[in-house]
Amino acid sequence: MIDRIFDVGYRRLDAGPRHRFAPWPIARTALLLAWRRRATKVGLLFCLGNVVLYGGLIIFQVLMQRFDNTGMADAALAEAVFGTAQEVLSSFVQVQFMTCAIALAIVAAGFVADDRQAGAFDLYFARPLTRMDYAAGKVLATAAVPLAALVVPAFGLWFVAVGGTSATHGAGLWSLGPPTMATALCGTLWLTGAVIGLSAMGEKARAVGAVFVALLLGLSAVGEALPAAGYPPFGYLSPVRDLRTVADALLDVGSRSMGVALLHKGGPLNASAWGSFLALVLQAALGFGALGWRLRREVVG
Amino acid sequence: MLLAFQGVRKVFGSFAALDDVTARVEGRAIGLLGPNGAGKTTLMKICLGLLAPDAGDATVLGLDVRTQAKAIRMRLGYAAEGAGRIPGLSGLESVAYAGELCGLRRADALRRAHEMLDLVGLDESRHRGVETYSTGMHQRVKVAMALVHDPALVLLDEPTTGLDPESRDALLDLIVQLRDGGGPAVLLSTHLLHDVERTCDACVIMQSGRVRFAGPLADLQVMRLQTFDLRTRGPAAPLAAWLGARGCGVATGRRDDALTVRLPENAEAGLIWAGAAASGCALWHLEAQSASLEEAFLEAIGPKP
């Protein structure tokens with residue numbers, strides 16, 4: 001069959017209102033392009049693996065508590081081995097934070113860098129978009145990854161714990177919801193700000209991803225080593241330590257059980273949970289600032 | 001008024017890309033002509049609000065580029081020179097995405113994208129990734145992206161660069177179709193005179209950041225009609241001397257009874273008749289030189305400053 005085009009000429013569009021939320025198509029397209037890469041699926045698979053693992057822990061714990069009185073299970077033993085709900089949730093947020101960082105290095109490192117490399121800024125800003133529209137679209141796309149892989153599963157785990165446990169134990173778990181969400185959101189904020197800021201500074205997605213992971217590991221190493229050497233304020237440089245401090249303070253984790261300690265080795269904390277929170281926000285703000293600086297530098301208006 | 005510039009200046013470092021650009025342009029298809037580095041792309045980017053002029057005023061479709069850039073961009077389509085693509089998207093997705101960025105709903109953008117790709121003649125390959133496209137296919141996608149939201153004016157920056165003759169023909173036909181078929185007005189930036197001659201009814205000629213001519217093509221060609229070939233009965237030397245003394249450019253031919261005379265600005269052919277009477281030369285042939293656009297263009301840009 002001959003491949004032919006039968007066009008109907010140029011048709012004028014009805015002049016209707018055109019006020020869509022511009023960041024949405026930008027975010028959706030960025031995520032669509034990322035999803036088409038195999039590496040993205042692999043990264044997200046690791047995130048899913050954590051959810052399944054910690055989900056199993058929570059379910060096991062809930063079942064042990066539910067059947068504690070029947071003599072079929074020993075909740076105290078389960079708690080000693082697999083930890084309290086607080087420990088599991090706190091550990092999940094911290095482990096998933098690191099896994100998400102790897103996934104984001106694959107998924108989001110090119111969100112702005114690829115546009116710069118392809119010379120696509122003209123393509124965006126020759127249309128009725130503001131810098132804020134573009135930035136919001138890219139931030140939305142970046143934040144979608146930790147929101148989907150960290151915040152939503154954290155909520156899910158808490159929901160399972162609350163819904164599945166007995167009424168006696170459930171009362172204590174209700175109050176864990178907001179702190180769990182707050183901790184996960186702190187992690188999301190840092191991850192989003194850091195990766196989008198670096199993406200705005202670079203031109204090659206792979207290089208940006210590598211720098212992002214190296215930065216996370218470097219800051220963590222410095223933030224752990226210097227306080228141990230007698231310089232406690234440097235602990236606030238480490239996002240991992242900051243998040244650990246915030247999680248510990250919000251969830252009141254206390255002592256660690258065997259099982260959770262195997263999955264996630266806790267470490268020393270910073271002196272102030274508020275200080276850690278502010279350090280996370282400040283580092284994220286630097287990232288958002290880098291994005292703003294880049295757009296102001298390259299785009300008028 | 002489609003485009004109006006008053007004393008527009010744009011400087012990059014110590015280089016003045018635009019220097020006192022002043023022009024008022026009206027028409028359905030306007031050629032923006034000039035050699036490479038003349039400032040065409042800079043002028044287009046100022047129209048879009050992508051660059052802010054350092055001095056002067058510019059209005060597009062009656063809207064000020066400094067204060068109403070977003071409203072202007074809603075009514076403009078732009079096909080940039082060079083890459084300007086999003087790798088990973090297909091041609092269809094690229095065009096639909098451009099529509100969505102201009103405020104179309106997703107379903108409408110997709111339907112419109114199909115229409116525009118039909119219009120520019122991109123067949124089933126519209127479903128392939130843009131990074132696999134040839135230059136010609138890529139140019140078509142860029143034009144479709146510029147048209148998808150139905151702008152009032154579409155800016156095409158060197159759209160025929162790198163095209164084979166057939167694709168170039170098709171693209172120029174499309175511009176003519178837009179011009180004559182109720183589509184958006186077109187501002188075609190190019191350094192190819194033939195493209196302008198074939199598609200445009202007005203042009204702006206730029207060189208070294210300055211506007212050398214702005215107006216209908218017919219006016220440009222009239223400029224050339226100031227040059228005449230003439231023959232006299234007997235030697236033409238007295239007439240040549242008389243005209244030369246009055247500021248005319250005079251070139252003698254191989255024959256002593258033939259002259260080529262270029263009248264000074266604002267002079268009319270009557271000056272030659274007056275010269276013939278005064279010098280006693282009888283004219284038996286006088287003809288204005290026919291002007292091609294190329295000659296008119298070269299004359300308009302003159303020697304490089």
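The rules we used
Residues numbered from 1 in each chain as written. Chains lettered and ligands numbered in written order. Predicted model: local features only at pLDDT ≥ 70, side-chain atom pairs only at ≥ 80, totals over all residues. Heavy atoms only, no water. Helix = DSSP H or I, 4+ residues; strand = E, 2+ residues; numbered from the N terminus. Buried < 20%, exposed > 50% of the residue type's maximum accessible area, 1.4 Å probe, protein only. Areas by Shrake-Rupley, 256 points an atom, 1.4 Å probe, with all protein chains shown as cover. Contact = heavy atoms within 4.5 Å. Lys, Arg positive; Asp, Glu negative; His and termini not counted. Charge placed at Lys NZ, Arg CZ, Asp CG, Glu CD. Pairing = 2+ DSSP bridges. Axes fitted to C-alpha atoms, helices over the stretch in contact; angles between N-to-C directions. Phe/Tyr/Trp six-rings, centres within 6.5 Å; stacked < 30°, edge-to-face > 60°. Buried area = accessible area lost by both parts, 1.4 Å probe. Salt bridge = Lys/Arg side-chain N within 4 Å of Asp/Glu carboxyl O. Core = buried A, V, L, I, M, F, W, Y, C linked by side-chain atoms within 4.5 Å. Polar contact = N/O pair within 3.5 Å; in protein donor to acceptor, adjacent residues only side chain to side chain. Parallel < 35°, antiparallel > 145°, perpendicular 65-115°, else oblique. Left-handed = near helix turned anticlockwise from the far one by under 90°. Nonpolar A, V, L, I, M, F, W, Y, C, P; charged D, E, K, R; others polar.

Undergrad: Give a detailed account of the overall build of chain A, specifying residues and quantitative values.
TA: The secondary structure content of chain A amounts to 13 helices and zero strands. Start at the N end of chain A and walk to the C end: the helices and strands fall as α-α-α-α-α-α-α-α-α-α-α-α-α. Per-residue burial over chain A gives 50% buried out of 301 residues. Accessible surface, chain A as shown: approximately 14200 Å² in total, 70% of it carbon and sulfur.

Undergrad: Please provide a residue-by-residue account of the overall build of chain B, values included.
TA: Scanning chain B from terminus to terminus reveals eleven helices and 14 strands. Buried residues in chain B amount to 53% of all 305 residues. In chain B, of all internal contacts separated by at least 6 residues, the share reaching a separation of at least 24 is 67%. Roughly 12700 Å² of accessible area belongs to chain B as shown, and the carbon and sulfur atoms make up 51% of that amount. Averaging the locations of the 32 positively and 36 negatively charged side chains of chain B gives two centres separated by 3 Å.

Undergrad: Go over the sheet that holds strand S9 (residues 202-207) of chain B with me, naming the residues and quoting the values.
TA: Residues and elements named next belong to chain B. Read across the open sheet, the six strands follow the order S6-S7-S8-S3-S9-S10; overall the sheet is mixed. Of all the strands in the sheet, just strand S6 (76-79) and strand S10 (210-216) have a single pairing partner and so form its edges. Mean inter-strand twist for the sheet, computed between neighbouring axes without regard to direction, equals 15°. In terms of strand pairing, strand S3 (residues 29-33) meets S9 through four bridges, oriented parallel. Across the sheet, residue Gly31 finds its bridge partner in S9, namely Cys203.

Undergrad: Run through the packing of aromatic side chains, naming residues and quoting values.
TA: Evaluated as defined, the whole model comprises 13 aromatic pairs over all chains. Here Tyr124 of chain A and Tyr97 of chain B contribute two aromatic rings whose centre-to-centre distance is 5.9 Å and whose plane-to-plane angle is 85°, an arrangement assigned as edge-to-face. Here Tyr124 of chain A, found in helix H6 (residues 121-125), pairs with Tyr97 of chain B, found in helix H3 (residues 91-101), and the two come from separate chains. Taken individually, Tyr124 of chain A and Tyr97 of chain B each receive the classification buried, so the pair is uniform in this respect. An angle of 85° between the planes, with centres 6.2 Å apart, marks the rings of Tyr231 of chain A and Phe234 of chain A as edge-to-face. Through a chain of ring-to-ring contacts, the aromatic side chains of Phe121, Tyr124, Phe125 and Tyr134 of chain A together with Tyr97 of chain B assemble into a single cluster.

Undergrad: Give a detailed account of the interface of chain A and chain B, specifying residues and quantitative values.
TA: With 31 residues of chain A at the contact, the number on the chain B side is 49 residues. The contact between chain A and chain B buries some 3800 Å² in all, and 56% of this surface belongs to carbon and sulfur atoms. At the surface where chain A touches chain B, the tally comes to five salt bridges. The residue Glu93 of chain B makes a salt bridge to Arg36 of chain A at a minimum N-O spacing of 2.5 Å.

Undergrad: Which residues make up the nonpolar core, and what values go with them?
TA: In terms of nonpolar packing, the biggest core is built from 153 residues, with Tyr124 of chain A together with Leu153 of chain B touching the most fellow members. Broken down by element, the residue count for this core peaks at 13 residues, all from helix H4 (residues 85-107) of chain A. Beyond its immediate stretch of four places on either side in the chain, Tyr124 of chain A contacts Ile26, Asp115, Leu129, Tyr134 and Lys138 of chain A together with Ile86, Tyr97 and Leu101 of chain B. Leu230, Ala236, Val261 and Leu283 of chain B belong to the second largest nonpolar core, which has 16 residues in total.

Undergrad: Can you explain the side chain of Arg241 of chain A? Please cite residues and give values.
TA: Relative to the helices and strands, Arg241 of chain A resides in helix H11 (residues 239-251). Here Leu269 of chain A takes part through its backbone oxygen, which lies 3.3 Å from a polar atom of the side chain of Arg241 of chain A.

Undergrad: Which residues make up the environment of Val222 of chain A, and what are the values?
TA: All names here are of chain A. Looking at the secondary structure, you find Val222 in helix H10 (residues 205-228). When its relative accessible area of 33% is taken as the criterion, Val222 is described as partly exposed. For the pair formed by Val222 and Ser238, sequence separation is 16 residues and the distance between their alpha carbons is 7.0 Å. Setting aside chain neighbours within four positions, we find Val222 in contact with Pro227 and Leu237.

Undergrad: So, the packing of helix H7 (residues 131-164) of chain A against helix H13 (residues 273-298) of chain A: which residues are in play, and what are the values?
TA: Residues and elements named next belong to chain A. Where H7 contacts H13, the axes come no closer than 11 Å and their chain directions differ by 140°. Looking at the two axes, H7 sits oblique to H13. Here H7 and H13 pass one another in a crossing that is right-handed. Contacts between H7 and H13 involve Arg131, Tyr134, Ala135 and Val139 from the first element and Phe288, Leu291, Leu295 and Arg296 from the second. Within the contact of H7 with H13, the residues separate by chemical class into six nonpolar, no polar and two charged.

Undergrad: Quick one: what's the story with helix H1 (residues 40-48) of chain B, residue by residue and with numbers?
TA: Among the nine residues in H1 of chain B, seven count as buried, and that is most of the element. Among the residues trailing H1 of chain B, Gly49 of chain B stands out with phi positive, at a value near 80°.

Undergrad: I'd like a rundown of the pairing of S6 of chain B, residues and numbers included.
TA: Residue and element names in this part refer to chain B. Neither face of S6 is open: one carries Leu76 and Tyr78, the other Gly77 and Ala79, and all of them are buried. Here S6 runs beside strand S7 (residues 153-157); their pairing, made up of four bridges, is parallel. Within the sheet, the bridge partner assigned to Gly77 lies in S7 and is Val154.

Undergrad: Any details on the sheet that holds strand S1 (residues 3-12) of chain B? Residues and values, ideally.
TA: Picture the strands of a sheet paired through backbone hydrogen bonds; they go either parallel or antiparallel. All names here are of chain B. With antiparallel pairing, the four strands of this open sheet are ordered in space as S2-S1-S4-S5. Either end of the sheet is taken by a strand with one partner, and the two such strands are strand S2 (15-25) and strand S5 (63-64). Examined bridge by bridge, strand S4 (residues 55-60) and S5 share two bridges and lie antiparallel to one another. Across the sheet, the residue bridging to Val60 is Leu63, located in S5. Taken strand by strand, H1 contacts S1, S2 and S4, and its axis lies near 115° from that of S1.

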